[in-house]
Amino acid sequence: MVLLRNLLVSAARRIAADPEVQAKAAETYETSVKPRLASARDELRDLAGEIDPMKQPGAFARRLRERLREVNKRG
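Residue positions within a chain follow its written sequence, with the count starting from 1. Side-chain atom pairs in this predicted model are given and counted only at pLDDT of 80 or more, local residue features only at pLDDT of at least 70, and totals for whole chains, interfaces and linings cover all residues. With hydrogens and water stripped out, all remaining heavy atoms of the structure feed into the side-chain values.

Q: Residue-level account of a nonpolar patch on the surface, with values.
A: A cluster of nonpolar side chains, contributed by Tyr 29, Val 33 and Leu 37, occupies part of the molecular surface with about 260 Å² of accessible area. The secondary structure listing takes helices from DSSP runs of H or I that are at least 4 residues long and strands from runs of E that are at least 2 residues long, numbered from the N terminus. Among the structural elements, Val 33 can be located in helix 2 (residues 19–50). Within the patch definition used here, like charges are joined within 9 Å and nonpolar side chains (Val, Leu, Ile, Met, Phe, Trp, Tyr) within 5 Å, considering only residues with over 30% relative accessible area and no salt bridge. Residue exposure ignores everything except the shown protein chains as possible cover, and the areas themselves are Shrake-Rupley values with a 1.4 Å probe. Take a side-chain nitrogen of Lys or Arg and a carboxyl oxygen of Asp or Glu: if they are within 4 Å of each other, that pair is a salt bridge.

Q: Give a description of the pattern of salt bridges that names residues and reports values.
A: Enumeration according to the criterion identifies six salt bridges in this entry. We note a salt bridge from Glu 50 to Arg 63, for which the minimum N-O separation is 3.0 Å. Of this pair, Glu 50 sits in helix 2 while Arg 63 sits in helix 3 (residues 57–74), and the two are 13 residues apart along the sequence. One network of salt bridges, in which partners are shared, links Glu 43, Glu 50, Arg 63, Glu 66 and Arg 67.

Spelled out as structure tokens, the structure:
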């Protein structure tokens, strides 16, 4: 088990050190991940503007769950 773990960690380190992999990861972050995070941030700000999470944490959590389900349905 230890040998397999060491081999996997070694392979992951070699892959992560590859400049092409690093460039692809940076591109993916900029084009896919970053816009999604910005959208999620804006959604949370809007939701926090509607319901104060400090005063009504239960209602905030329910609305957050509803919005997450809506987004997941949209695909």
